[in-house]
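Next come the chains, spelled out residue by residue.
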Amino acid sequence: MPDPTDPADAPGRADPTGPADPTGPADRTGPAARVTVLLVDDDPLVRAGLRLMLGGADDIAVVGEAADGSEVAALVAAHAPDVVLMDIRMPRLDGLAATEALRRRAEPPEVLVLTTFHTDEHVLRALRAGAAGFVLKDTPPREIVAAVRKVAAGEPALSPAVLQQLIAQVSAADPKGPGQAADRARSRLAVLGEREREVALAVGRGRSNAEIAAELYMSVPTVKTHVSRILTKLDLNNRVQIALLVHDAGESDRES
């Protein structure tokens, strides 16, 4: 049956978009909607390449650079970027710890992880910490630019197939097995209402908002509202974390 509620827009954490001033903290009231980006990588050549690449996009502005995760908090406080493009391996504070710290902020930026190997188990930890996705360092420039735009719009920059590959790799290497994690995940999902659970399971299967709306006979704004409520109830940061929780519960292959 169609969902009787049809809110005009989705509140909450699922849609962190807005304009920004490229020379300072983000200004979300101005007419120009530019995505502001902080680059974090200990290799100055990588940072220079990323700055050049992103600088070619009219709607993206690089507001700062950091050579280590320990520098990130101060730069985020100074510039309030929409997206942090974060390397994983750095000498003092790695990108995993820096991501965890950022996502505990009251209004955190989105984090897009940079990595060399897409099978790196550290990527999965970064996603669990709240990163919205990852890109390989040898990804074509236009795809990196597109990934920055996606995470700024509250969408994961991660294909369902790659996510499932990462989960499968780490699960296979876990000698303790999935039992305890599954029990904890099912307990957390139990707090959701029926419609919220249906939406969560669809997110876990990698469905987009439009696909969920078609499957569950909702409007897209209603789906976005349910996603925001799920994030709030489960104290999660983004859709990737919903998908991970659904997988942990053993529900990712179950039809809603």
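Owing to the predicted nature of the structure, the values given are computational and were not obtained by experimental measurement.

A. Spotlight on the packing of helix α8 (residues 194-204) against helix α9 (residues 209-216). Close contact between α8 and α9 brings their axes to 10 Å; oriented N to C, the two are set at 130°. As far as their axial angle goes, α9 and α8 are oblique. Seen along the crossing, α8 lies across α9 with a hand that is right-handed. On α9, the residues that touch R195, E198, V199, A202 and V203 of α8 are I212, E215 and L216. Its residues assigned to classes, the contact of α8 with α9 shows five nonpolar, no polar and three charged.

B. Broad picture of the pattern of salt bridges. A full pass over the atoms with the stated rule returns 15 salt bridges. With a shortest N-O distance of 2.9 Å, E196 and K233 are connected by a salt bridge. Residue E196 is found in helix α8, and its partner K233 is found in helix α10 (residues 220-234); the two are separated by 37 residues along the sequence. Judged by relative accessible area, which is 8%, E196 ranks as buried. Residue classification places K233 among the partly exposed positions, given a relative accessible area of 44%. With a shortest N-O distance of 2.6 Å, R207 and E215 are connected by a salt bridge. Assessed through its relative accessible area of 33%, E215 is described here as partly exposed. Taken together, the shared-partner salt bridges in this structure form one network comprising D41, D87 and K137.

C. Helix α5 (residues 141-152), seen in detail. Under the 1.5 Å per step criterion, the end-to-end length of α5 is 17 Å for 12 residues, consistent within 8% with the ideal 16 Å. Along α5, the positions that sit buried rather than exposed are I144, V145, A147, V148, V151 and A152. Each buried residue of α5 sits inside an arc of 155° when the element is viewed along its axis, so together they form one side. The inward-facing, buried residues of α5 contact β1 (35-40), α1 (44-55), β2 (60-66), β3 (83-87), β4 (110-115) and β5 (133-136).

Parameters at a glance
- Residues numbered from 1 in each chain as written.
- Predicted model: local features only at pLDDT ≥ 70, side-chain atom pairs only at ≥ 80, totals over all residues.
- Heavy atoms only, no water.
- Axes fitted to C-alpha atoms, helices over the stretch in contact; angles between N-to-C directions.
- Helix = DSSP H or I, 4+ residues; strand = E, 2+ residues; numbered from the N terminus.
- Parallel < 35°, antiparallel > 145°, perpendicular 65-115°, else oblique.
- Left-handed = near helix turned anticlockwise from the far one by under 90°.
- Contact = heavy atoms within 4.5 Å.
- Nonpolar A, V, L, I, M, F, W, Y, C, P; charged D, E, K, R; others polar.
- Salt bridge = Lys/Arg side-chain N within 4 Å of Asp/Glu carboxyl O.
- Buried < 20%, exposed > 50% of the residue type's maximum accessible area, 1.4 Å probe, protein only.
- Expected span 1.5 Å × (residues − 1).
- Arc of directions from axis to C-beta.

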